[in-house]
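Each chain, written out:
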Amino acid sequence: LSLCCMERTCHGCAFAAKERGMSNCPFCRTPYPDPDNSDADTLAMVQARVLKKDPVAIHSLGKVYWHGVHGLQKDMRKAVELWTEAAK
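Residues numbered from 1 in each chain as written. Predicted model: local features only at pLDDT ≥ 70, side-chain atom pairs only at ≥ 80, totals over all residues. Heavy atoms only, no water.

Participant: Explain the packing of helix 3 (residues 55–67) against helix 4 (residues 76–87) to me, using residue names and the numbers behind them.
Facilitator: At a closest axis distance of 8 Å, the pairing of helix 3 and helix 4 adopts a crossing angle of 165°. Accordingly, the angle class assigned to the pair helix 3 and helix 4 is roughly antiparallel. Judged by the sense of rotation from one axis to the other, the crossing of helix 3 with helix 4 is left-handed. For the pair helix 3 and helix 4, the contacting residues are P55, I58, H59, L61, G62, K63, Y65 and W66 in the first and M76, K78, A79, V80, L82, W83, E85 and A86 in the second. Of the residues in the contact of helix 3 with helix 4, the class split is eleven nonpolar, two polar and three charged. (Axes fitted to C-alpha atoms, helices over the stretch in contact; angles between N-to-C directions. Helix = DSSP H or I, 4+ residues; strand = E, 2+ residues; numbered from the N terminus. Parallel < 35°, antiparallel > 145°, perpendicular 65-115°, else oblique. Left-handed = near helix turned anticlockwise from the far one by under 90°. Contact = heavy atoms within 4.5 Å. Nonpolar A, V, L, I, M, F, W, Y, C, P; charged D, E, K, R; others polar.)

Participant: So what's going on with the pattern of salt bridges? Residues and values would help.
Facilitator: In total, this model carries two salt bridges according to the counting rule given. D54 serves as the salt-bridge partner of R49, at 3.0 Å between the closest nitrogen and oxygen. Where K53 meets E85, a salt bridge forms, and the shortest distance between an N and an O atom there is 4.0 Å. Here K53 is found in the loop between helix 2 (38–51) and helix 3, whereas its partner E85 is found in helix 4, with 32 residues between them in sequence. On the accessibility criterion, E85 (36% relative accessible area) is partly exposed. (Salt bridge = Lys/Arg side-chain N within 4 Å of Asp/Glu carboxyl O. Buried < 20%, exposed > 50% of the residue type's maximum accessible area, 1.4 Å probe, protein only.)

Participant: Provide a residue-level description of the packing of aromatic side chains, including the pertinent values.
Facilitator: Taken as a whole and judged by the stated rule, the model has one aromatic pair. With 5.4 Å between their ring centres and 40° between their planes, W66 and W83 make a pair best called tilted. With W66 in helix 3 and W83 in helix 4, this residue pair connects regions lying 17 residues apart in the sequence. (Phe/Tyr/Trp six-rings, centres within 6.5 Å; stacked < 30°, edge-to-face > 60°.)

Participant: Tell me about unusual backbone geometry, residues and numbers included.
Facilitator: Phi is positive for M6, close to 60°, though the residue is something other than glycine. In this structure M6 comes out as buried when scored by relative accessible area, which is 5%. Here the phi dihedral of R29 falls at roughly 70°; this positive angle occurs in a residue that is not glycine. For R29, the position within the fold is in the loop between helix 1 (11–19) and helix 2.

This is the structure we're talking about:
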């Protein structure tokens with residue numbers, strides 16, 4: 001799942017992009033997050049999609065809260081709220 005566009009890229013497409021020397025998302029061509037600042041960049045990409053009311057992004061943000069990753073504290077209540085919103 002690409003965080004920039006919330007699209008699933010098959011292994012074949014990802015492999016072909018890598019073979020061509022592409023270092024960004026094979027679907028939307030957005031550069032991947034900086035490895036040195038990946039938590040903040042990753043969260044910013046997901047939240048940008050959440051603001052656009054993307055249900056896949058809202059679900060993904062719920063998983064981030066559920067597991068307490070990318071610099072966020074574990075918050076199961078917030079995760080369930082987000083999953084409910086994504087389902088609507």
